[in-house]
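Overview (structure and organization)
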Amino acid sequence: HSQAAAVVLCLGLLWGLTAVGLGSAYLLVWLAVGAAVVLLVRMFLPRVGVAAQWMLLVPVLVVLGQFVACLLAFFVPVASRMALGVTFGPVIAGLVGLGSVAAMWLGAGPLMASGAPRRVLGAAVCVGGAGCLALALLPVYDAEHPKRIRAEWQEGLERERWFLVDEDNLPLQSALRGVACAEVPAGWRGDEACETGVARAPAEVPPGVRVVSAREAAGGRRTVTLEVEAQGAFAMDVSVPVASVAAWTSPLPALYSPDDPYTVRVLAPPVDGWTTTLTLQGQGPVPVLVERRYLPTEAQQAGVEAMVQPWTTADLVVVKAVRAWVP
């Protein structure tokens, strides 16, 4: 009776999920049909052996396994890109656990009919423990499934440095080889970051920022139109201190921290320069930081690959930073 009630409950849940438009509700059809077939066989063909009952469940278990595999194929790649501040491992383990619980529910009938449910459950626990041990001992990453690192070679502002950002949950230091990399706050960029570099004498690099027009505004403010040269970059980040900005023609971006500046990223900036208008407040000149982003050379790509383990992949961008002052 309990198994029949479970089948009816499953069909009722299926109807509710279908009513709200859940596309994956068809899976419950397979689960309910599989459980119903085994239940009917046990009721009207009691002489059918346990092995045959398990064989009846094979198509259902295959569909269930494919469904769990699809969930893992979707969640595992995007898990580390979710800015949650915690590891996504328990959620992935929960997905696998739910699939295992569903499989055990389907096999409840043959399991009870086997006459030794404790032995079967004990074997299942041993298999699960062996799987957990294997996951703990086997390497998480390899050449086909590398750890992702976002790397920047930064020039300007009196220094040159490598800036590495972890895009996965494994500690960043374990992905480096023979490199002293000082940990720094990652902010909105990722989970963990480090830098290694040397100080340089300030170079006379034209900032490529020109004041097109400036006029006084109400309340002691001033409206300034700037033209920022692209200089061959495929993208630019233009940053202005929060305390100095009253308004911007571009929508003010969200701040990861109150101490961060307002930063606007310009993708594929015009060759003849990108123009923007700001309303500035406060006295004195305002610093404008421009970070131009370029594709790396072969030598730069080889440099970052020499810093990281072979089971990693580094997405490298060259960043050249300059600072201009707006009167």
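It should be noted that the structure appears before, not after, this text.
Below is a short write-up of the structure. (Residues numbered from 1 in each chain as written. Predicted model: local features only at pLDDT ≥ 70, side-chain atom pairs only at ≥ 80, totals over all residues. Heavy atoms only, no water.)

A short note on the pattern of salt bridges
Using the criterion set out here, one finds 5 salt bridges in the structure. For Glu152, the salt bridge identified is with Arg293, shortest N-O distance 2.8 Å. Here Arg293 lies in strand E11 (residues 286-294) and Glu152 lies in strand E1 (residues 147-156), a separation of 141 residues in the sequence. Using a relative accessible area of 7% as the deciding quantity, one classes Arg293 as buried. Linked through salt bridges whose partners overlap, the residues forming this network are Glu152, Asp237, Arg265 and Arg293. (Salt bridge = Lys/Arg side-chain N within 4 Å of Asp/Glu carboxyl O. Helix = DSSP H or I, 4+ residues; strand = E, 2+ residues; numbered from the N terminus. Buried < 20%, exposed > 50% of the residue type's maximum accessible area, 1.4 Å probe, protein only.)

Quick word on the nonpolar core
If you look at the biggest cluster of nonpolar residues, it comprises 39 residues, and the most contacted ones within it are Leu164, Val240, Trp274, Val288 and Val304. With 6 residues, strand E12 (residues 312-326) is the largest single contributor of residues to this core. (Core = buried A, V, L, I, M, F, W, Y, C linked by side-chain atoms within 4.5 Å.)

Quick look at the environment of Glu155
Along the chain, Glu155 falls in strand E1. Here Glu155 falls in the partly exposed class, since its relative accessible area comes to 23%. Distance in space between the C-alpha atoms of Glu155 and Glu291 is 9.4 Å, their sequence separation being 136 residues. Apart from the residues within four sequence positions on either side, Glu155 is in contact with Glu160, Gln300, Val319, Lys320 and Ala321. (Contact = heavy atoms within 4.5 Å.)

With respect to the state of the cysteines
One pass over the structure, following the stated rule, counts 1 disulfide. Paired by a disulfide, Cys181 and Cys194 hold their sulfur atoms 1.9 Å apart. Between Cys181 and Cys194, the S-S dihedral sits near 95 degrees, and the bridge is therefore right-handed. Taken as a pair, Cys181 in the loop between strand E2 (159-166) and strand E3 (182-184) and Cys194 in strand E4 (residues 192-199) lie far apart in primary sequence, 13 residues in all. The exposure class assigned to Cys181 is buried, which follows from its relative accessible area of 9%. (Disulfide = S-S within 2.5 Å.)

Purely geometric numbers; function is a separate question.
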